[in-house]
Amino acid sequence: MPVIRTLLCGMMILAAVTAPAPAPALDAAEARHLLARSGFGGSAAEIEALAPLTREEAAAAILTRAGSTAVTPPPAWEADWLPPKRGSMSEAERLALRDTQREQGRELKAWWLAEMRTTPSPLTEVMTLFWHNHFTSSLAKVKAPALLYRQNVLLRRHALGNFAALLHAIARDPAMLIYLDNASSRKGAPNENFARELMELFTLGEGRYSEADLKEAARAFTGWSLDRETDAFRFRAAWHDGGEKEILGRRGTFDGDDVIALLLDRPETAEFIVVKLWRQFVSEAPDAAEVRRLAAIFRDGGYEMKPLLAAIFTSDAFWAPENRGRLVKSPVDLVVGSLRLFDLPVNDDRDLAWLTRRLGQDLFDPPDVKGWPGGTAWITGASLLDRQTLLARLTGSAEAATATPAAAGMERPVESNAQHRAAFFDTWVAGLPAPWQGAEAMTTLMLAIPPVDAAVLDRRASGALARSLLADPAYHLK
Amino acid sequence: MPALTRRQLLTAAAIAPFIGTLPRAFARSAPAPRILVLVELNGGNDGLNTVIPYADAHYAAARPTLAIARDRVLQLDERLGLHPALAPLMPLWQAKNLGVALGVGYKPTNRSHFRSIEIWNSASTAEETLQDGWLHRVLTETGIDGTAQSAIEDPAFDAQGIVLGGPEGPLAGSALAPVVMRDPRQLGQAVRLLDGQETPTGNPALAHILTTRARMHGAALDVARRLKEAPPITTTFPKSALGRQFELAADLIAAGVPASFFKLQHSGYDTHAQQAPRHAALLGDLAEALVTFRQAMIEVGAWDRVLVVTYAEFGRRAAENASGGSDHGTAAPHFLLGGRLGGGFYGEQPRLDDLEGGDLTPRLDFRRLYAAVAQGWLGLPPAPGSLGRHAPLPLFG
């Protein structure tokens with residue numbers, strides 16, 4: 001029948017038009033979104049480099065260039081560090097050691113922040129920080145900054161590598177063995193701390209194992225200890241409980257690696273990690289079906305991180321407009337991102353460590369084994385005012401009102417360079433590539449969502465507008 | 001180009017005068033609220049050189065260079081006396097406005113500053129880690145927020161905390177919604193930095209930021225207005241950091257800011273070396289500030305509704321160390337001051353001839369002190385989850 005034929009032809013034409021259309025390139029806001037979530041935000045040039053690519057190409061570009069080592073030289077004391085012999089120390093020597101460790105701790109934090117603000121691979125640092133917040137260890141407990149440095153190197157090496165390999169490695173990591181008390185765990189008196197967090201916080205998640213499971217797992221990790229002379233990992237066979245255990249319904253003379261393998265066998269582990277990554281990269285509300293899909297990719301791919309991150313960065317949820325600008329910048333995001341965006345010089349990275357600590361994120365010293373809660377918990381009345389004060393300080397708009405340094409024990413006078421700072425933002429705007437010189441384009445560059453307070457008129461961008469966008473509540477979102 | 005220097009960042013923090021969350025300005029029909037002022041002796045005070053067992057020969061023996069000579073000790077009774085730097089407190093002792101809780105601590109004492117103050121702040125056991133302060137726990141458990149069975153209908157206090165020194169500590173948590181104030185001169189700055197629109201939004205993260213900002217802004221405005229309207233206090237405070245905190249507390253109380261809970265911090269007690277002059281200066285500063293605060297409270301007619309309590313993460317070891325200092329220890333005495341206090345000693349001085357590994361044995365669990373404050377001062381029923389198991393000290397008659 002002619003009618004039907006006409007209909008069929010029409011449908012074929014429609015199909016021809018819609019099906020093989022080439023994937024569209026990103027727009028500037030989308031390129032910015034990917035850079036803000038996968039790193040510490042992007043400059044105009046970085047956005048321009050990604051914008052012509054498709055989602056898949058852009059995600060691949062970021063993942064392909066991600067490194068696994070830091071470019072910043074490590075602190076000098078790291079290389080030949082050996083554990084101090086506290087037992088034979090005098091009180092004065094112990095005090096001196098404490099001071100040394102305190103100073104080294106500051107240098108360690110400064111080192112990482114220097115790496116974050118200069119790295120060519122921000123995703124590497126974002127993921128290293130993700131794992132630091134997952135496999136937490138703290139200077140407060142471990143004491144030796146060198147061990148935390150080595151753990152950080154380990155986390156970075158595996159940050160975008162293989163989760164299974166990272167899990168096996170972290171269980172032997174000296175800082176972790178000290179932090180969760182496994183170094184002294186021995187047959188007959190197993191310490192359950194590591195085994196508990198391994199199940200609750202590192203793999204399965206709470207409620208997905210029994211107390212009996214973790215007690216048995218603790219037996220399997222007995223003897224995973226440290227060498228007294230070097231603090232390197234050492235398996236002490238005499239301390240190890242080689243007997244039969246029953247863990248998660250399986251029986252065997254399991255050791256620690258066997259337990260890890262059992263945990264990696266469980267589907268809950270992949271889902272647990274995917275949910276955490278979703279909160280890191282996508283939104284505070286993980287989508288159950290998407291989590292299952294991504295967890296399957298993760299598990300079936302042998303826990304390789306890059307395919308999983310590629311799947312996240314190309315998921316519809318990642319790009320959905322309703323998920324843009326809905327994650328709160330961490331203190332590190334805020335500080336490092338601002339430094340990178342405006343290419344601000346830093347006199348001493350230890351100041352940055354002090355600042356992120358003040359804002360609630362003391363690197364290498366998470367509040368407890370669960371790490372920083374993150375999300376909206378970053379914003380309290382206290383931290384919001386500190387953040388606004390910092391940003392006002394950056395833009396110079398707080399200068400005039402801060403000529404009273406007596407407050408809170410601050411003794412040193414403040415240089416008054418408000419005009420200097422105003423001029424800095426004028427220069428910064430003038431230096432933007434031509435397409436970014438409009439007020440709306442610059443707003444896209446600086447904010448994930450439209451500003452709340454600042455009025456953006458359809459005209460040329462100005463330093464004054466840049467400063468008001470920095471002070472806007474929207475600047476705290478990514 | 002503006003470099004981000006430590007100096008500027010420090011100042012950036014210093015101008016954060018008013019940090020916290022929401023003011024809970026209840027409409028009060030009851031009389032003026034009771035006030036609790038908590039003073040953290042940060043670092044762990046050397047109790048043995050604060051309230052001194054001068055009659056015990058073991059004291060001088062344990063402290064060849066640090067012991068205060070018997071004739072310099074300000075005697076409170078035939079066994080115990082105050083460090084001479086605490087002389088300003090003697091009239092309060094005689095007026096029975098000063099209480100001394102002896103041998104306060106917990107077992108087993110954690111020697112980490114960080115961990116031990118966490119235990120004191122939250123009144124947790126040594127095994128659990130809690131984020132909320134003990135006052136939050138007590139208030140929520142006894143229903144100040146109306147959620148528990150024993151909800152308090154007409155509390156004797158305003159459930160709002162103000163932190164004037166150090167972290168929120170015992171005030172942390174939503175029940176007191178603590179506001180942190182660093183310097184009243186900077187209130188205007190906070191008002192300006194947190195001004196802005198509270199636009200309705202479907203973005204939950206943005207909504208959280210805007211709500212937090214509006215609450216802070218409201219609190220800053222409210223306090224600034226009250227301080228402006230209140231008549232100034234004529235009592236002159238010491239110019240030390242602690243003196244300034246007490247001065248601000250007095251100003252806020254006199255201005256009728258609806259907050260009952262103040263947290264102050266006196267830093268520097270971690271005296272591992274060359275302790276003698278530093279400790280004397282600290283105690284002198286503390287005593288001056290306390291006495292001046294009492295004067296100011298008497299001036300504004302508030303002393304009868306004020307209770308001041310000191311606390312610290314731990315005391316120090318019985319024996320002095322080789323550096324003329326003292327190391328992290330266990331039990332220590334703490335001071336209570338207030339117009340309605342019975343005064344005198346509470347508990348027993350730990351014995352110096354019965355040390356545990358060189359340390360005093362805590363004789364009074366700090367949670368008994370807290371329970372006394374919660375029940376005896378704030379008028380709360382026993383808190384079922386936190387302090388309920390600890391018999392309150394009989395502080396008030």
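Worth saying up front: this structure is predicted, and the values here are computed from it rather than measured.

Conventions and cut-offs
Residues numbered from 1 in each chain as written. Chains lettered and ligands numbered in written order. Predicted model: local features only at pLDDT ≥ 70, side-chain atom pairs only at ≥ 80, totals over all residues. Helix = DSSP H or I, 4+ residues; strand = E, 2+ residues; numbered from the N terminus. Rg over C-alpha atoms; globule rule 2.2 N^0.38 Å. Buried ≥ 20, exposed ≤ 12 C-beta atoms within 10 Å, placed from the backbone. Contact = placed C-beta atoms within 7 Å. Pairing = 2+ DSSP bridges. Expected span 1.5 Å × (residues − 1). pLDDT = per-residue confidence, 0-100. Axes fitted to C-alpha atoms, helices over the stretch in contact; angles between N-to-C directions. Left-handed = near helix turned anticlockwise from the far one by under 90°. Nonpolar A, V, L, I, M, F, W, Y, C, P; charged D, E, K, R; others polar. Core = buried A, V, L, I, M, F, W, Y, C linked by C-beta atoms within 7 Å. Domains from an automatic or database assignment.

Student: Sorry, what's going on with the overall build of chain A here?
Tutor: Check the secondary structure of chain A and you find 23 helices and four strands. Taking 2.2 N^0.38 as the reference for a compact globule, 478 residues should give roughly 23 Å; the C-alpha atoms of chain A span a radius of gyration of 26 Å, in line with that estimate. Looking at chain A residue by residue over its 478 residues, the buried ones come to 47%. Expressed as a percentage of contacts within chain A between residues at least 6 apart in sequence, the contacts between residues at least 24 apart total 68%.

Student: Mind showing me how you'd approach the sheet that holds strand β5 (residues 81-82) of chain B here?
Tutor: Hydrogen bonds along the backbone pair up the strands of a sheet, which may run parallel or antiparallel. Residues and elements named next belong to chain B. Sheet architecture is open: three strands sit in the order β3-β5-β4, paired in antiparallel fashion. Two strands close off the open sheet at either side, each with one partner strand: β3 (51-52) and β4 (74-75). Two elements, β3 and β5, share two bridges in a ladder whose sense is antiparallel. Each bridged residue has a counterpart across the sheet, and for Ile52 the counterpart in β5 is Gly81.

Student: What should I look at first to understand helix α10 (residues 366-377) of chain B in this one?
Tutor: All names here are of chain B. The terminal C-alpha atoms of α10, which comprises 12 residues, lie 16 Å apart, in line with the 16 Å expected from a rise of 1.5 Å per residue. Among the residues making up α10, those that are buried are Phe366, Arg367, Leu369, Tyr370, Ala371, Ala372, Val373, Ala374, Gln375 and Trp377. Positive phi appears at Gly379, one or two residues downstream of α10, with a value of about 75°.

Student: How should I be thinking about the environment of Asp251 of chain B in this particular structure?
Tutor: Structurally, Asp251 of chain B is set in helix α8 (residues 241-254). Separated by 20 residues in the primary sequence, Asp251 of chain B and Pro231 of chain B have C-alpha atoms spaced 9.1 Å apart.

Student: Sorry if this is basic, but what is going on with the environment of Arg63 of chain B here?
Tutor: Residues and elements named next belong to chain B. Along the chain, Arg63 falls in the loop between α2 (57-62) and β4. For Arg63, a count of 19 C-beta atoms within 10 Å corresponds to the partly exposed category. Taking the C-alpha atoms as reference, Arg63 lies 9.8 Å from Leu48; in sequence the two are 15 residues apart. In this structure Arg63 touches Ala319 and Glu320, once residues within four positions along its chain are discounted.

Student: Help me understand the confidence of the model for chain A, please; the structure alone is not making it clear to me.
Tutor: As a general rule, the predicted coordinates of low-pLDDT regions are not to be interpreted in detail. Residues and elements named next belong to chain A. Here chain A averages 90 in pLDDT, and 91% of its residues register 70 or above. Predicted confidence for residues 1-17 stays below pLDDT 50, and this span has zero contacts to residues more than four positions away or in other chains. When the criterion is pLDDT under 50, residues 399-416 qualifies, and its contacts beyond four places in sequence or with other chains add up to 34 contacts.

Student: Explain the packing of helix α14 (residues 267-281) of chain A against helix α15 (residues 288-300) of chain A here, please?
Tutor: A pair of packed helices is characterised by two quantities: the angle between their axes and the separation of those axes. Residue and element names in this part refer to chain A. Between α14 and α15, the least distance of the axes is 8 Å, while the angle of their chain directions is 115°. For α14 against α15, the interelement crossing comes out right-handed. Facing Pro267, Ala270, Glu271, Ile273, Val274, Val275 and Trp278 of α14, the residues of α15 in contact are Val291, Leu294, Ala295, Phe298 and Arg299. Looking at side-chain class alone, the contact of α14 with α15 contains 10 nonpolar, no polar and two charged residues.

Student: What am I meant to see in unusual backbone geometry here?
Tutor: The general pattern is negative phi for most residues beyond glycine and trans for most peptide bonds. With omega at -15°, the peptide bond leading from Lys107 of chain B into Pro108 of chain B counts as cis. Within the secondary structure, Pro108 of chain B sits in the loop between β6 (98-105) and α4 (113-122). Of note, the phi angle at Tyr303 of chain A is positive, near 65°, even though the residue is not glycine. In this fold, Tyr303 of chain A is placed in the loop between α15 and α16 (305-313). On the neighbour-count criterion, Tyr303 of chain A (20 C-beta atoms within 10 Å) is buried. Positive phi, normally seen in glycine, also occurs at Lys96 of chain B, with a value near 60°. Here Lys96 of chain B is to be found in the loop between α3 (90-94) and β6. For Lys96 of chain B, a count of 11 C-beta atoms within 10 Å puts it in the exposed group.

Student: Teacher, can you tell me more about α8 of chain B here?
Tutor: Structural remark: α-helix, 3.6 residues per turn; residues separated by three or four positions point the same way. Residues and elements named next belong to chain B. If you check α8, its first and last C-alpha atoms are 20 Å apart, about what 14 residues at 1.5 Å a residue would give, namely 20 Å. Among the 14 residues in α8, 12 count as buried, and that is most of the element. Among the residues making up α8, those that are buried are Leu242, Arg244, Gln245, Phe246, Glu247, Leu248, Ala249, Ala250, Asp251, Leu252, Ile253 and Ala254. Looking at the packing, one finds that the buried side of α8 touches β2 (35-42), β7 (161-163), β8 (179-181), α7 (204-229), β9 (261-267) and α9 (275-299). Backbone geometry just downstream of α8 places Gly256 in the positive-phi region, at approximately 75°.

Student: Explain the confidence of the model for chain B to me, please; I cannot follow it from the model alone.
Tutor: Residues and elements named next belong to chain B. With 89% of its residues at a pLDDT of at least 70, chain B reaches an overall mean of 88. Across residues 1-29, where pLDDT falls below 50, the model places 104 contacts with residues more than four positions away in sequence or in other chains. Quick note on the complex model: pTM equals 0.75, ipTM equals 0.90.

Student: Any chance you could explain the environment of Val429 of chain A here in plain terms?
Tutor: All names here are of chain A. Structurally, Val429 is set in helix α21 (residues 418-430). Between the C-alpha atoms of Val429 and Arg467, which are 38 residues apart in sequence, the distance is 11 Å. Here Val429 is in contact with Met442, Ala461, Ser462, Gly463 and Ala466, once residues within four sequence places are set aside.

Student: Honestly, the nonpolar core in this entry has me stumped. Any pointers?
Tutor: As a rule of thumb, nonpolar side chains are buried together in soluble globular proteins. Core analysis: the largest hydrophobic core is formed by 244 residues, its most contacted members being Ala217 of chain A together with Val37, Ala249 and Val373 of chain B. For this core, the leading source of residues is α9 of chain B, giving 10 residues. Formed jointly, this core draws a minimum of three residues from each of two domains, domain 1 (23-54) and domain 2 (331-476) of chain A. Setting aside its immediate chain neighbours within four residues, Val373 of chain B contacts Leu36, Leu307, Val309 and Leu378 of chain B.

Student: Honestly, the pairing of strand β11 (residues 332-338) of chain B in this entry has me stumped. Any pointers?
Tutor: Across a regular strand the side chains alternate sides, sitting on one face of the sheet and then on the other. Residue and element names in this part refer to chain B. In terms of burial, β11 is a largely internal element, seven of the seven residues being buried. Direction of pairing for strand β10 (residues 306-311) relative to β11: antiparallel, over a ladder of three bridges. When the sheet's bridge partners are listed, Val308 is paired in β11 with Leu337.

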